[in-house]
Amino acid sequence: MNAIQIKDGIYWVGALDWHLRNFHGYTTNRGATYNAYLIIDEKVALIDTVKAPFSRELLERISSIIDPSRIDYIISNHVEMDHSGALPALMETCPNATVVTSAPSGVKGLTAHYGPHNYMAVKNNDTLSLGKRSLSFVTTPMLHWPDNMVTWCPEEKILFSNDAFGQHYCTNTRFDDDSDFCETMQEAKKYYANIIMCYGKQAAGAWKIVKEMEPEMIAPSHGVIWRSHVADILNAYEHWSSSVPEAGALIVFDSMWHSTETMAQTIAEAFTEKGEPVKLFDLKQTHISDIVVSLLDCKYVAVGSPTLNNNMLPTVAAFLCYMKGLSPKNRQAFSFGSYGWGGQANGQIEEELKKCGFDICLETLKIQYIPSEEQLKELSEKIKSLK
Ligand code: FEO
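Given the structure is predicted, the values throughout are model-derived calculations rather than measurements. (Residues numbered from 1 in each chain as written. Predicted model: local features only at pLDDT ≥ 70, side-chain atom pairs only at ≥ 80, totals over all residues. Heavy atoms only, no water.)

Asks: In this structure, what is going on with the side chain of H83? I would like to understand it.
Replies: Its place among the elements puts H83 in helix α2 (residues 81-84). Here H83 falls in the buried class, since its relative accessible area comes to 1%. A distance of 3.2 Å separates a polar atom in the side chain of H83 from a polar atom in the side chain of H222. (Helix = DSSP H or I, 4+ residues; strand = E, 2+ residues; numbered from the N terminus. Buried < 20%, exposed > 50% of the residue type's maximum accessible area, 1.4 Å probe, protein only. Polar contact = N/O pair within 3.5 Å; in protein donor to acceptor, adjacent residues only side chain to side chain.)

Asks: Just checking my understanding: could you explain the pairing of strand β24 (residues 365-368) for this structure?
Replies: Regular strands place their side chains on alternate faces of the sheet. Burial along β24 is one-sided: the residues L365 and I367 are buried and none of K366 and Q368 is. The sheet contact formed by strand β22 (residues 332-339) and β24 spans four bridges and is parallel. Note on β24: the bridge partner recorded for S338 is I367. (Pairing = 2+ DSSP bridges.)

Asks: Teacher, can you tell me more about the sheet that holds strand β10 (residues 98-102) here?
Replies: Strand pairing within a sheet occurs via backbone hydrogen bonds; the two strands may be parallel or antiparallel. Ordered in space as β1-β2-β7-β8-β9-β10-β11, the seven strands form an open sheet in which the pairing is mixed. Of all strands in the sheet, those with a lone pairing partner are β1 (4-7) and β11 (119-122), marking the two edges. The average undirected angle you get between the axes of adjacent strands in this sheet is 25°. Note: β1 against strand β2 (residues 10-12), three bridges, orientation antiparallel. Within β2, the position partnered with K7 by the bridge is I10. Contacts from helix α4 (residues 105-114) reach β10 and β11, with the element oriented near 125° to β10. (Axes fitted to C-alpha atoms, helices over the stretch in contact; angles between N-to-C directions. Contact = heavy atoms within 4.5 Å.)

Asks: How should I be thinking about the UniProt feature "domain: Flavodoxin-like" (unreviewed entry) in the chain in this particular structure?
Replies: When the UniProt feature table is mapped to this numbering, "domain: Flavodoxin-like" (unreviewed entry) covers residues 249-387. When the span residues 249-387 is considered, its composition is 40% helix and 24% strand, and the gap between its end C-alpha atoms is 13 Å. (UniProt positions renumbered as here; feature names shortened; annotations may be inferred.)

Asks: It is not clear to me how helix α5 (residues 181-196) should be interpreted in this structure. Could you clarify?
Replies: Think of an α-helix as 3.6 residues a turn; residues three or four steps apart then line up on the same face. Counting buried positions over the 16 residues of α5 gives twelve, a clear majority of the element. Its side-chain oxygen 3.0 Å from the backbone nitrogen of C182, D180 forms the N-cap of α5.

Asks: How should the domain arrangement of the chain be read in this particular structure?
Replies: Many descriptions give the size of an interface as the accessible area lost when the pieces come together. On domain assignment, one finds that the chain holds domain 1 (2-240) and domain 2 (253-383). Taking only C-alpha atoms, the centre of domain 1 and the centre of domain 2 are 39 Å apart. The interface is formed by twelve residues belonging to domain 1 together with 13 residues belonging to domain 2. With both sides pooled, the region where domain 1 packs onto domain 2 buries about 1,100 Å², and carbon together with sulfur makes up 59% of that total. Where domain 1 meets domain 2, there are two salt bridges. For D290, the salt bridge identified is with K190, shortest N-O distance 2.8 Å. One can count seven residue pairs in polar contact (both at pLDDT 80 or more) joining domain 1 with domain 2. Where the side of domain 1 that touches domain 2 is concerned, the elements lending two or more residues are β5 (26-27) and α5. Of all the elements, α5 adds the most residues to the side of domain 1 that touches domain 2, at five residues. (Domains from an automatic or database assignment. Buried area = accessible area lost by both parts, 1.4 Å probe. Salt bridge = Lys/Arg side-chain N within 4 Å of Asp/Glu carboxyl O.)

Asks: Could you clarify how one ought to interpret the side chain of T184 in this entry?
Replies: Within the secondary structure, T184 sits in helix α5. Other than its neighbours up to four places away in sequence, T184 contacts Q167, Y169, S179, V224 and W226.

Asks: It is not clear to me how the state of the cysteines should be interpreted in this structure. Could you clarify?
Replies: Simply put, the disulfide is a covalent bond whose two ends are the sulfur atoms of two cysteines. Counted by the stated rule, this structure contains zero disulfides. C170 takes part in no disulfide bond, and the closest cysteine sulfur to it belongs to C182, at a distance of 19 Å. Judged by relative accessible area, C182 falls into the exposed class, the value being 59%. (Disulfide = S-S within 2.5 Å.)

Asks: Quick question: what am I supposed to make of the sheet that holds strand β15 (residues 158-162) here?
Replies: Across the sheet, which stays open at both edges, the five strands sit in the order β12-β13-β14-β15-β16 with mixed pairing between neighbours. Each end of this open sheet is capped by a strand with a single partner; those strands are β12 (127-129) and β16 (217-220). Strand-to-strand twist in this sheet, taken as the mean axis angle between neighbours without regard to direction, amounts to 20°. Two strands pair when backbone bridges link them, and β12 and strand β13 (residues 134-139) are joined in this way by three bridges, in the antiparallel orientation.

Dropping the structure here:
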């Protein structure tokens, strides 16, 4: 396995995880990559490592360029094990290498995972000279762990952005311009929705700093490297992190005997007649990590469930729990569902939508047993009257 040169003297030495289909609850239908980068200068620096099972792949790719024991610095932009997992293998191969990490969270996190070492703690804007090139560290706490930082090489105008701007996307291509652009953006958007969205405020600040750097290349630790579409991904992040959708309806439901499903379809039709783009998802068919991507495009969120044993269906509860964690906020929401008796699910859903920080724009839509034509017409009128 060989290194791939991304710029004169700078190499991709990461790992390809073609078969990964679940990254702690996030479906990764196109696999994942763990990107690490090697800079050969008067000093040799490795930026990030890979997930532990891929340690051999990393060392093999490094060995295609230099003896790994020559590494002087290992920059750990992020403690999470998909980027630091190969540190034990590297510490064994190059015991004298200095591991550079953020102060104090990076040092604390790496020590907890791998024990004491000669860690070099860096603060925001600290720099490190490699010879002809230098590295500058920009801390990005809570994007998405407290220790996160990005590494900027001003002489090359490359930003090593770790998780930011990443995609869970495994290809044998390393750049945005030799990959399918639609697939890349689709995966970048899914990555943003599932990993970054809950830290939207911090994200908005960080993208401003990154934009001012005017990077020519953004090399994330997952997916392909941005070099021809840097402006596209920066604009997309700015848009996703700062704007509230002005249109669109996301309708999510599960159903037992199709009555809640009939209500969902009627709601979708009514929004369509109102001129709103609609995304309709049955939780039995679509994974929650795919559904939440549509939060980035929708002003309205409608969630429906029948009542089972005095509760909403577990699939709906799981969706609401996941969505609440992502903190989308600033959406108009309402609940709906058919019931036989009791009908507690509607109120429970509404409470969870409030906890998401949504405004409840419509009193819950509740129909007993099978919805009649008249009830569906009434429901449709309520949707059409939404502002
Ligand atoms: Fe790719 Fe937060 O780890």
